Amino acid sequence: MKFNNYMGRYFEEKNNILYIDGVSAADLVKEYGTPLYVFSERAIRENCRSYKYSIEKNYNGKGLALYASKAFSCLAIYHIIAEEGLGADVVSGGELYTALKAGMDPSLIYFHGNNKTDDELRMAAESGIGHVVVDNREELIRLNSIAAETGRIINISFRIKPGIDAHTHEAVMTGQIDSKFGVALENGEAFEICDFARTLPNVNLVGVHCHIGSQIFDTEPFTAAAEVMINFMAELREKTGTELKELNLGGGFGIRYLPSDNHKSYEEFMSKVSAKIKEICKERDFPVPFVLVEPGRSIVGTAGITLYTIGSVKNIKNVRTYVSVDGGMTDNPRFALYGSAYNMDIATRLTDKKDTKVTVAGKCCESGDLLAKDIYLQYPVGGDILAVYCTGAYNYSMASNYNRIPRPAVALINDGESRIIVKKEKYSDLIINDVP
Ligand code: LLP
């Protein structure tokens, strides 16, 4: 029997137990313990392929998907995305270091960030990465000098705020003028910086970039952003004679955390956006640019789950029932930060009725350390395995050692076999940088 209509492809129910691509959650827990992040390699690869396919179909291959590795960064994931022919968006020296160590082709790496340090810019220049997405004028000047010192000319684009309301959570909305990211269109900043870049010898302005936010379900903000950006490129050509070749539309495609989420296929986003780009390009007599997208969440989000062991179940009469697990905000801070909702199950009693109202708590010394509030679960008992779905993005990458809790291991499942791609931290790892 297929398990829970929205994730049946990779997650299945057999004899009341959750299976991840053919491997039982109970066996994984026996082998590796909990908490444990588990990824389906097939799911990650299929998501990569759907973007590749869309680019082939909508742009005749004249485009590239960059995996936004802030969603989940480790050596194994860069290997997978490189094998699938995607590039990578990195946002720090640490992500860049990991991508390079994984053997990623530097020319397929795009370096982002609103406050790149000189060391990071030097590392990017020296490693010969393909592209720096410059955030502001001051960074542009620093990058030009660092590029000169390293004897290189660096391809750049600018991060532009297109002034679009992305209809998403305030904390992950980035396309509006009041944002720390990029330069604005409304006040002329974007024209001014593009014009200025032409005067600098060690940078080569090839394109523009925008990212309007994350976990967006509507296609309309993406098509609106594409329209604004193409119009900007056409106006820039009219005003300054500079014809930019690349348009990077960022990431942000929403995923289905809950069965009730109104998810659209990436294909729908991609085809609507490409239709809009072609329409405006025709209107403005502007050549269709090389189009980049930067999906993060939609590559790894639904491919991952987290397994926990339930400890205490505390029923406070007429108040609520707290179910505590052996992880929490240290491995998944998203409920504490954004109130994000997750779907979850007792992994060994999947088909039992979900009729017990519970609040799922972590083990940190912090009342806000919750994973869910007032949700319905199969009747929970201490020792049960709790599976939380869709934890592949922004969980491991946002994990912390608060309360000196070691970060969990990450297991990757491929064709019925599991392997560890990130080891569980040991207590000795926790003091590795301490100086007595
Ligand atoms: N490109 C840029 C420039 C970005 O800033 C981001 C995400 C992405 C691409 C990828 O967006 P995605 O496809 O994953 O939505 N920690 C938050 C999400 C922050 C997103 C930051 N930027 C969360 O847990 O929801």
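Values in this document were obtained by computation on a predicted structure and should not be read as measured data.

Definitions and limits used
Residues numbered from 1 in each chain as written. Predicted model: local features only at pLDDT ≥ 70, side-chain atom pairs only at ≥ 80, totals over all residues. Heavy atoms only, no water. Near = heavy atom within 4 Å. Polar contact = N/O pair within 3.5 Å; in protein donor to acceptor, adjacent residues only side chain to side chain. Areas by Shrake-Rupley, 256 points an atom, 1.4 Å probe, with all protein chains shown as cover. Nonpolar A, V, L, I, M, F, W, Y, C, P; charged D, E, K, R; others polar. Helix = DSSP H or I, 4+ residues; strand = E, 2+ residues; numbered from the N terminus. Contact = heavy atoms within 4.5 Å. Pairing = 2+ DSSP bridges. Buried < 20%, exposed > 50% of the residue type's maximum accessible area, 1.4 Å probe, protein only. Arc of directions from axis to C-beta. Salt bridge = Lys/Arg side-chain N within 4 Å of Asp/Glu carboxyl O. Disulfide = S-S within 2.5 Å. Axes fitted to C-alpha atoms, helices over the stretch in contact; angles between N-to-C directions. Parallel < 35°, antiparallel > 145°, perpendicular 65-115°, else oblique. Left-handed = near helix turned anticlockwise from the far one by under 90°. Domains from an automatic or database assignment. Buried area = accessible area lost by both parts, 1.4 Å probe.

**Structural notes on the site of the ligand**
Here's step 1: Around the ligand lies a shell of 19 residues, among which Ser-214, Glu-294, Arg-297, Arg-334 and Tyr-394 are the nearest.
Here's step 2: One of the side-chain N or O atoms of Glu-294 is found 2.7 Å from a nitrogen atom in the ligand.
Here's step 3: Within the contact set of the ligand, an oxygen atom lies 2.6 Å away from a side-chain nitrogen or oxygen of Arg-334.
Here's step 4: When the ligand sits alone it has 590 Å² of accessible area, and the protein chains cover 90% of it.
Here's step 5: In the shell around the ligand, the residues fall into 6 nonpolar, 7 polar and 6 charged.

**What about the side chain of Asn-231?**
Here's step 1: Its location among the elements puts Asn-231 in helix H8 (residues 220-240).
Here's step 2: Setting aside residues no more than four positions away along its own chain, Asn-231 makes contact with Ile-280 and Arg-284.

**Things to note about the pairing of strand S21 (residues 417-422)**
Here's step 1: Where strand S20 (residues 409-414) meets S21, 5 bridges bridge the pair, whose relative direction is antiparallel. Pairing of Asn-414 across the sheet is with Glu-417, part of S21.
Here's step 2: Linking S20 to S21, which pair antiparallel, is a turn of 2 residues; within it Asp-415 sits at a positive phi near 50 degrees.

**Quick word on unusual backbone geometry**
If a residue is not glycine, its phi is most likely negative; likewise, a peptide bond is most likely trans.
Here's step 1: Of the consecutive residues Thr-34 and Pro-35, the connecting peptide bond is found in the cis state with omega at -10 degrees.
Here's step 2: By the element assignment, Pro-35 lies in the loop between helix H1 (25-32) and strand S4 (36-40).
Here's step 3: Positive phi, close to 50 degrees, is recorded for Asp-374, a residue that is not glycine.
Here's step 4: As for its placement among the helices and strands, Asp-374 is situated in strand S18 (residues 370-377).

**Quick look at H1**
Here's step 1: Here H1 has its buried residues at Ala-25, Ala-26, Leu-28 and Val-29. Within H1, the buried residues cover an arc of 160 degrees as seen down the axis, which keeps them to one side. Opposite the buried face of H1, by more than 90 degrees, sit the exposed residues Lys-30 and Glu-31.
Here's step 2: The N-terminus of H1 is capped by Ser-24, whose side-chain oxygen sits 3.1 Å from the backbone nitrogen of Ala-26.

**Details of the pattern of salt bridges**
Here's step 1: In this structure the tally under the stated criterion is 30 salt bridges.
Here's step 2: Of the charged contacts, one joins Glu-235 and Arg-284 as a salt bridge, the two residues approaching to 4.0 Å between their closest N and O atoms. Separated by 49 residues along the polypeptide, Glu-235 in helix H8 and Arg-284 in helix H9 (residues 266-284) bring together distant segments of the chain.
Here's step 3: A relative accessible area of 30% places Glu-235 in the partly exposed class.
Here's step 4: A relative accessible area of 22% means that Arg-284 is categorised as partly exposed.

**Concerning the state of the cysteines**
Here's step 1: Tallied over the full model, the rule gives 0 disulfides.
Here's step 2: Here Cys-390 stays unpaired: no disulfide links it, and the sulfur of Cys-48, its closest cysteine neighbor, is 16 Å away.

**Considerations on the pairing of S20**
Here's step 1: Within S20, 5 of the 6 residues are buried, leaving the element largely enclosed by the surrounding structure.
Here's step 2: Examined bridge by bridge, S4 and S20 share 5 bridges and lie parallel to one another. Its bridge partner lying in S20, Ser-40 is registered against Ile-413.

**Some thoughts on the sheet that holds strand S1 (residues 11-14)**
Here's step 1: The antiparallel open sheet is built from 3 strands, whose spatial order is S1-S2-S3. The sheet terminates laterally at S1 and strand S3 (23-24), the two strands that pair on one side only.
Here's step 2: One ladder, built from 2 bridges, connects strand S2 (residues 17-20) with S3; its direction is antiparallel. Bridge pairing in S3 places Tyr-19 opposite Ser-24.

**Focus: the side chain of Ser-54**
Here's step 1: Mapped onto the fold, Ser-54 is located in helix H2 (residues 41-59).
Here's step 2: Leaving out residues up to four positions away in the same chain, Ser-54 has contacts with Tyr-59, Glu-267 and Met-270.

**Let's talk about the packing of helix H5 (residues 118-126) against helix H6 (residues 137-149)**
Here's step 1: Close contact between H5 and H6 brings their axes to 9 Å; oriented N to C, the two are set at 45 degrees. Considering the angle they form, H5 stands oblique to H6. Classified by chirality, the crossing of H6 by H5 is right-handed. On H6, the residues that touch Asp-118, Leu-121, Arg-122 and Ala-125 of H5 are Glu-139, Arg-142, Leu-143, Ile-146 and Glu-149.
Here's step 2: Among the residues forming the contact of H5 with H6, the class breakdown is 4 nonpolar, no polar and 5 charged.

**Quick word on the environment of Cys-390**
Here's step 1: Relative to the helices and strands, Cys-390 is located in the loop between strand S19 (385-389) and S20.
Here's step 2: C-alpha separation for the pair Cys-390 and Phe-39, spaced 351 residues apart in sequence, amounts to 9.7 Å.

**Points about the domain arrangement of the protein**
Interface extent is often summarised as the accessible area lost during association of the parts.
Here's step 1: You can read the domains of the protein as domain 1 (11-33 + 303-430) and domain 2 (42-298).
Here's step 2: Placing a centre on the C-alpha atoms of domain 1 and another on those of domain 2 gives a separation of 33 Å.
Here's step 3: Facing the 19 residues of domain 1 at the interface are 18 residues of domain 2.
Here's step 4: Note on domain 1 versus domain 2: buried area summed over both sides is about 1600 Å², and carbon and sulfur give 65% of it.
Here's step 5: One can count 1 salt bridge joining domain 1 with domain 2.
Here's step 6: As a salt-bridge pair, Asp-21 and Arg-42 come within 2.7 Å of each other at their nearest N and O atoms.
Here's step 7: Elements represented by at least two residues in the side of domain 1 that touches domain 2 include exactly helix H11 (334-338), S20 and S21.
Here's step 8: Its residues placed into classes, the side of domain 1 that touches domain 2 shows 13 nonpolar, 3 polar and 3 charged.

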